[in-house]
Amino acid sequence: MDELSSVRSSLRVVSGDPLSLEVPAELFSPAEFAQFEGTVAVDEFECGPDSYRFSEPLSWHADVSNTGDALLVTGNVTGEARTDCARCLEDAVFDIEGEIEGYFLLDGAEIPEGADEDEFDRLPANHVLDMESLVVAAIVFELPLVPLCDEDCKGLCPTCGANLNEGPCGCEKEQSDGPDEFELAKNPFAALANFSFDSDESAD
Ligand SMILES: [Zn+2]
Ligand SMILES: [Zn+2]
């Protein structure tokens, strides 16, 4: 849970779709089940050093079932997150398909023997479930440690700052492109390093 505590997020709820969920009375009978869904617009989402943007509201869906002792919440949240690529600073886009999971003990439910009260959420007296923390946890789990526009992103040239995904910049010539003059001067046979003397290879 340490990763989560370092996350700061500001969630803005689309009107008519609250991110808190008031549990309807019928769900308090054992084995009852209900489905909920909504959308939530997120202004900004900070995860470690990265700040994510969402151009469209996130969609969420939750199944809530009464297990007798608790309300079990399972569901998902989907959307598209954008941030700056850690190598080239262009847009890095991620499909979010996070799993929502929550467990809220009902009034009077006993905590399992040997377990700690802190390990369990209890349904608040006002019967409103905090969906925001569940959605935030689901999103955080989906975000990469190092956001990249592409696994093979070539990044920026450290000399001129050009985006190397758009093609080589002039600087590369001055560095190395296989055995260059400098290498040849040091070792006249360097040019032969990739040459195969083994003629048996082509014969079968
Ligand atoms: Zn990149
Ligand atoms: Zn360059």
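In this convention, every chain numbers its residues from 1, walking through the sequence in written order. Chain letters and ligand numbers both follow the written order, the letters beginning at A and the numbers at 1. Only residues with pLDDT of 70 or above have their local features reported here, since the model is predicted, and side-chain atom pairs are shown and tallied only from 80 upward, although totals for entire chains, interfaces and linings are computed over all residues. To get the side-chain values, take all heavy atoms of the structure and skip hydrogens and water.

Per an unreviewed UniProt entry, the protein is named DUF177 domain-containing protein, and its organism is Ellagibacter isourolithinifaciens.

Draft legend 1. Fine view of the overall build of the protein. A run of H or I in DSSP becomes a helix once it reaches four residues, and a run of E becomes a strand once it reaches two; helices and strands are each numbered from the N terminus. Along the backbone of the protein there are four helices and nine strands. Each helix and strand of the protein, ordered N terminal to C terminal, gives the series α-β-β-β-β-β-β-β-β-β-α-α-α. Think of it in three bands: with a 1.4 Å probe and only protein chains considered, a residue is buried below 20% of the maximum accessible area for its type, exposed above 50%, and partly exposed in between. Across the 204 residues in the protein, those meeting the buried criterion constitute 31%. Any two residues having at least one pair of non-hydrogen atoms within 4.5 Å are treated as being in contact. Here the analysis covers contacts within the protein between residues at least 6 apart in sequence; of these, 60% occur between residues at least 24 apart. By element, 48% of the accessible surface of the protein is carried by carbon and sulfur atoms, the whole surface being about 13400 Å². Here the open area of atoms and residues is found with the Shrake-Rupley method and a 1.4 Å probe, where only the protein chains shown may cover a residue.

Draft legend 2. Quick look at the coordination of the zinc ion (ligand 1). Protein coordination of the zinc ion (ligand 1) is provided by Cys85 (SG), Cys88 (SG), Cys149 (SG) and Cys153 (SG), with donor distances spanning 2.3 Å. In this description, a donor is an N, O or S atom within 2.8 Å of the metal centre, a cutoff extended to 3.2 Å for sodium, potassium and calcium. Water is not part of the atom list, which can make sites seem incomplete. For four-coordinate sites, all angles between 85 and 135 degrees define a tetrahedron; for four- and six-coordinate sites, opposite donors beyond 155 degrees with the remaining angles between 65 and 115 define square planar and octahedral shapes respectively, and all other cases count as irregular. One can describe the donor arrangement at the zinc ion (ligand 1) as tetrahedral, given that its four donor atoms subtend angles of 107 to 113 degrees at the metal.

Draft legend 3. Spatial organisation of the packing of aromatic side chains. Aromatic rings from Phe, Tyr and Trp, with only the six-membered ring used for Trp, were paired whenever their centres fell within 6.5 Å, and each pair was classed as stacked if the ring planes differed by under 30 degrees, edge-to-face if by over 60, and tilted otherwise. Overall, the coordinates contain two aromatic pairs when judged by the stated rule. Each ring, one from phenylalanine 45 and one from phenylalanine 54, has its centre 6.3 Å from the other, and the planes form 80 degrees; the classification is edge-to-face. Given a relative accessible area of 0%, phenylalanine 45 falls into the buried group. Taking the centre distance of 6.4 Å and the plane angle of 65 degrees together, the rings of tyrosine 52 and phenylalanine 94 count as edge-to-face. Separated by 42 residues along the polypeptide, tyrosine 52 in strand β4 (residues 50–54) and phenylalanine 94 in strand β7 (residues 91–105) bring together distant segments of the chain. Residue tyrosine 52 is classed as buried on the basis of its relative accessible area, which comes to 0%.

Draft legend 4. Up close: the coordination of the zinc ion (ligand 2). Every protein donor of the zinc ion (ligand 2) is accounted for by Cys157 (SG), Cys160 (SG), Cys169 (SG) and Cys171 (SG), and the metal-donor separations fall at 2.2 to 2.3 Å. Coordination geometry of the zinc ion (ligand 2): the four donor atoms subtend angles of 105 to 116 degrees at the metal centre, consistent with an arrangement described as tetrahedral. Of note, the donors binding the zinc ion (ligand 2) are all from one chain and are spaced C-x2-C-x8-C-x1-C. For cysteine 157, a relative accessible area of 6% translates into the label buried. With a relative accessible area of 44%, cysteine 160 lands in the partly exposed category.

Draft legend 5. Inspection of the side chain of aspartate 63 at higher detail. Secondary-structure assignment places aspartate 63 in strand β5 (residues 58–66). Positive charge is attributed to Lys and Arg, negative charge to Asp and Glu, and no charge count is given to His or to the chain ends. We define a salt bridge as a contact between a side-chain nitrogen of Lys or Arg and a carboxyl oxygen of Asp or Glu at a distance within 4 Å. Buried charge without a partner: aspartate 63 forms no salt bridge, and the closest opposite charge is arginine 122, 23 Å away. By the criterion applied in these results, polar contacts are pairs of N or O atoms within 3.5 Å in which, for protein atoms, one can donate a hydrogen and the other can accept it, and in which residues neighboring in sequence qualify only through two side-chain atoms. A distance of 3.2 Å separates polar atoms of two side chains, one belonging to aspartate 63 and the other to glutamine 35. Setting aside its immediate chain neighbours within four residues, aspartate 63 contacts Phe33, Ala34, Gln35, Leu72, Val73 and Thr74.

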